[in-house]
Structure formats: structure tokens, C-alpha cells
Amino acid sequence: MIHATKIRVVLPAHLKTLAHVTGEVTLEISGEATQRAVLDALEARYPVLCGTVRDHVTKQRRPFVRFFACEQDLSHELPDSRLPEAVVLGTEPFLVVGAIAGG
Amino acid sequence: MSGVRVLVGTRKGAFILESDGKRKNWKVNGPLFAGWEIYHLKGSPADPNRIYCSQSSGWFGQVVERSNDGGKTWETIGNKFSYDGVPGTHQWYDGTPHPWEFKRVWHIEPSLTDPDKAFAGVEDAALFYTSDGGQNWQELSGLRTHTTGSQWQPGAGGLCLHTIILDPSDPNRIYIAISAAGAFRTDDGGKTWKPINQGLVSEFIPDPKAEIGHCVHHVAMSPSRPGVLYMQKHWDVMRSDNAGDLWREVSGNLPTDFGFVIDVHAHEPETIYVVPIKSDSEHFPLEGKLRVYRSRTGGNEWEPLTNGLPQSDCYVNVLRDAMAVDSLDKCGIYFGTTGGQVYASADAGDTWAPIVRDLPAVLSVEVQTLP
């Protein structure tokens, strides 16, 4: 039996509006809890977010989108690296953040 | 009673301005999609309740929205614009090869006959098409893969396909324009394309009369007379009487022939409008006076229209997609400025009044004439 992990995700305001959600979203991940798995689950639940966090085709993070968790910048971690334990355990959220850049 | 709906795209959201046929009292709805750049929104000629909207952001990329009720409610539709095959390269500003990269949708042109069909002009320059109401977009790659495509070079605003004109007399004929590749035409529904830049002279490129490389700012056509085209180029106002096969300059007595917008009166195909702008780098009206120029002779002879427009200390720009006309009698003319004003004339340009004064910078203006 595959254990499902629940990951708390905080989206930036514009993406909450697009996805019609308020507050955090909780995503169930089967298998290894990685950035890629979280983003796959996010896009599967909210298809309108496809292309807004990462490129449709290359799956690369958009340049002005950042990933934070546990007071760390995870933006440059490999997509298949395991997320911090506190995120996997659900005590800390995974933050999708619009970088501070311009007006 | 008939009315008009003015669709305004700005740097920070969309606005919908509505009035009855008198066009004096306006209801302002917005901002919609607040905080997003709205390069363009346009209604379907076949169903005025169907509106497409290009919404983009430096952070979150491209989103496309669709309304089926005249802008009251919206749904997010397909935003995947993938170039066909291996995209290859165009030229970068310094002349080196640069990979084709999708950045945003500049212009959406709904089909004249089917609200589920529409074309999208994008940066880096390519034309996309949907036949399912925008859920899926396919590239009409015959344009980008034209033999000249690898030589196309961006203008200051990027390598953008900003103008799409559908010929009402021939569903297979489409005109497009790209900064700074020039104008192109297809006569087979988008399979093959022909550069239509003969007669253009651009001193800022090595061969001023080259087949491509001209910085076309906007092209307009009267639906009542397909085949007669008017163009505002980086410099020069041009006219073609043979579907773009040959252009001639009609700048005439304009105080400067630089500008971005150009449009045609809805009922008088020889009456055209431009807004002269000082350049090369200032990009504001001459002498701080915002003046629309009208020609009733298809060019060459121009008159300034100033009644109701600021005639001192005005230093705004009017961008390429920010002028439109309604089809009421008398024809209404509308334009938006980078200072956030949207001006309207209900008498073909004789007098003007602002509908709104303080929007974010206006990127585009379109008008729907409602039954």
C-alpha cells in the first residue's frame, strides 16, 4: 500500500484568484514528496495554474516564481529532491511566492 | 436602443465602459483581473456576448480568459502556446541567432462568423488559432517558418505579432503585422504567407526597401472595402489599394509621420485617423498638444482634431492597439493613452470628451456596437 503524504501549499494572491481558492491548499502526494510531485498534484487539481508556476513544456520554474519552506529558499533545489521533513509531516507549508521584482 | 461597449486593456487590469447610443453617460466596470497586464480583449462579431481577453504577468506568464455574457463573468481557458516542432531561431537585437520563446499574447482576433474560432498573435512572433473557444491553441506555423523567419528581428517592444485583420470577403485571406519584420498576407487560410512590404522605405535598416525588417506599428482596413489597407509605420503613414502588394506614402501634411495607431471610419472608407507622436525617443504629442489627425481623402490631406482634447502640457502616448471605432451613425472614435485617459468622440472626431481619466496606462481599446 502506497502511503499518501499531505502537503500544505500556500499560493500567491493572483494564483489563489485564478484557482478560486482562499487560504492554504492541501495536496495528497503518492510516493516521494518532491517539488515535482507537489507541482504535478497542484496542476492536476487546478488545471488553470498550468503554465503559471512552471513552463508548460519544459516544466522549468518561471523566473520570477520562488519556492520557500522552513525559512529556506528551495527555488534552486532539484525538482526531484525530497522536500524538508517539516513540509512532508505537514507542520510547515510549501510556499509559492512571486519574487519581489518591479511594479 | 443600440449601445456601445468599450473594452479597455491596461497595465493593471481590464475595464469595460458601457453607454447607450448617445455615448454621453458611461458606466465603468473594473478593474477586472486587477494587477495583471491586459494586452488585449476583443468581442466576437458573431456573438457580442463572447469576449476573449489576454491576461499576462511577468511573474505568472500568460492566461487567457473568456466571457460568454458580455464581460459579466469570466472563465480561464487554454494558455498553452507551443510552437510547432523545433522552433529554431530568429535574430536578436545584436544580430545573433536567438531561440524562439513564447512571451505573451498581444492580440486576439475572433472569427467574423464563429464565436468559438479566434486567432492569437503572440511574442515571439507567431500566429495561433483556436476552433474550440480557446481551450486549445494550434500554431499556424507557415508564417513563422517562412523563409525569412530566421532573419526577423524584434522592435523595441519585442518581436510581437500585434495586428491581425480578417478579410470579410474572403475567409482564406488574413493580414498580419510584426514589429519589426513587417506585414504579411495569406490567401490560403494561413498555410503559406507572403511578405507585403513593397513600397515601404525604412531608413533605419541596411536596405531601406528590403523585403522584410520594417517596423510596422499598426494596419487598418475598412470592412466595407477589403483590399484597401492603411498602415502607421515607425515613420510614415502608408496606403495600399491592392491588398498590400504595393504601398505608397500618404503622410502628406502631418506634423510628424511617426505614431502608433491608425483606424478607419466605419462608414467612410476614405476617412482615416492617426495620432502623430514625436519621436524617435520622446513618444509624446508634439508641443504637448494631443491631436487626432483625420483625413477624408484616404491620406495626404490631414486636419487636426482638437476640440475636447488637452492642448497644453500633455505628454502621453497612444499605443498601437489603443484606437477603435464603433459602427453607429455618426461613427464613434475611441482611443486610450498611457496616462490612463480614454477619449471618445460620438461625431467622427469633431468633438471629444474623456470617458475616464485616471486608469492605469492603456494598452488596447476595442469597441463593440450592440443591437
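Located above this text is the structure these notes cover.
Residues numbered from 1 in each chain as written. Chains lettered and ligands numbered in written order. Predicted model: local features only at pLDDT ≥ 70, side-chain atom pairs only at ≥ 80, totals over all residues.

### Overview of the sheet that holds strand 7 (residues 75-77) of chain B
Residues and elements named next belong to chain B.
And then number 1: Across the sheet, which stays open at both edges, the four strands sit in the order 4-5-6-7 with antiparallel pairing between neighbours. The open sheet has two edge strands with one neighbour each: strand 4 (37-43) and strand 7. Put simply, the sheet's adjacent strands are angled 25 degrees from each other on average, direction ignored.
And then number 2: Judged from the seven bridges that link them, strand 5 (residues 51-57) and strand 6 (residues 61-67) form a sheet pairing that is antiparallel. The residue of strand 6 that forms the bridge with Tyr52 is Arg66. (Pairing = 2+ DSSP bridges. Helix = DSSP H or I, 4+ residues; strand = E, 2+ residues; numbered from the N terminus. Axes fitted to C-alpha atoms, helices over the stretch in contact; angles between N-to-C directions.)

### Brief notes about helix 2 (residues 35-45) of chain A
Think of an α-helix as turning once every 3.6 residues; residues three or four places apart then point the same way.
And then number 1: Taken together, the buried positions of helix 2 of chain A are A:Gln35, A:Ala37, A:Val38, A:Leu39, A:Ala41 and A:Leu42.
And then number 2: Structurally, helix 2 of chain A contributes buried residues whose contacts are with strand 1 (4-10), strand 2 (25-30), strand 3 (65-69) and strand 5 (94-98) of chain A. (Buried ≥ 20, exposed ≤ 12 C-beta atoms within 10 Å, placed from the backbone. Contact = placed C-beta atoms within 7 Å.)

### Describing the pairing of strand 20 (residues 237-240) of chain B
Residue and element names in this part refer to chain B.
And then number 1: What you see with strand 20 is no split at all: Val237 and Arg239 on one side and Met238 and Ser240 on the other are buried throughout.
And then number 2: Across four bridges, strand 19 (residues 229-233) lies against strand 20 in antiparallel orientation. When the bridges of strand 20 are listed, Gln232 appears paired with Val237.
And then number 3: As paired strands, strand 20 and strand 21 (residues 248-249) are joined by two bridges and run antiparallel to one another. When the bridges of strand 21 are listed, Met238 appears paired with Glu249.

### Considerations on the sheet that holds strand 3 (residues 27-32) of chain B
All names here are of chain B.
And then number 1: What the four strands build is an open sheet, ordered 3-2-1-30; its pairing is antiparallel. At either margin of the open sheet sits one strand with a lone partner, and together these are strand 3 and strand 30 (362-370). Each strand of the sheet is rotated relative to its neighbour by a mean of 15 degrees, with strand direction disregarded.

### Details of the interface of chain B and chain A
And then number 1: Facing 12 residues of chain B, the contacting portion of chain A comprises 15 residues.
And then number 2: Here the residues of the side of chain B that touches chain A sort into three nonpolar, eight polar and one charged. (Nonpolar A, V, L, I, M, F, W, Y, C, P; charged D, E, K, R; others polar.)

### Quick look at the nonpolar core
And then number 1: Ranked by internal contacts, the top residues of the largest apolar core, which has 130 residues, are B:Val6, B:Val8, B:Ile176, B:Val219, B:Tyr334, B:Val342 and B:Val365.
And then number 2: Apart from the residues within four sequence positions on either side, B:Val219 is in contact with B:Thr163, B:Ile165, B:Tyr175, B:Ala177, B:Ala183, B:Leu229, B:Tyr230 and B:Met231. (Core = buried A, V, L, I, M, F, W, Y, C linked by C-beta atoms within 7 Å.)

### Digging into unusual backbone geometry
Negative phi values dominate among residues other than glycine, just as trans dominates among peptide bonds.
And then number 1: Of note, the amide linkage connecting B:Glu123 to B:Asp124 takes the cis form, showing an omega dihedral of -5 degrees.
And then number 2: Relative to the helices and strands, B:Asp124 is located in the loop between strand 11 (118-123) and strand 12 (126-130).
And then number 3: Looking along the chain, the bond that leaves B:Ser179 and enters B:Ala180 is cis, with omega of 0 degrees.
And then number 4: If you trace the backbone, B:Ala180 turns up in the loop between strand 15 (174-179) and strand 16 (182-186).
And then number 5: Positive phi values are uncommon outside glycine, yet A:Lys59 reaches one of about 65 degrees.
And then number 6: Checked against the element boundaries, A:Lys59 lands in the loop between helix 2 and strand 3.
And then number 7: On the basis of neighbour counts, which here come to 13 C-beta atoms within 10 Å, the residue A:Lys59 falls in the partly exposed class.
And then number 8: Although it is not a glycine, B:Arg23 sits at a positive phi angle of roughly 60 degrees.
And then number 9: Note that B:Arg23 resides in the loop between strand 2 (13-20) and strand 3.
And then number 10: For B:Arg23, a count of 21 C-beta atoms within 10 Å translates into the label buried.

### Concerning the pairing of strand 3 of chain A
Residue and element names in this part refer to chain A.
And then number 1: Two strands pair when backbone bridges link them, and strand 3 and strand 5 are joined in this way by four bridges, in the antiparallel orientation. Across the sheet, Val65 pairs through a bridge with Gly98, a residue of strand 5.
And then number 2: Note that strand 3 and strand 4 (residues 72-73) share two bridges and pair antiparallel. Counterpart to Ala69 in the pairing with strand 4 is Gln72.
And then number 3: Hairpin remark: strand 3 followed by strand 4, antiparallel, with two residues in the connecting loop; positive phi at Cys70, about 50 degrees.

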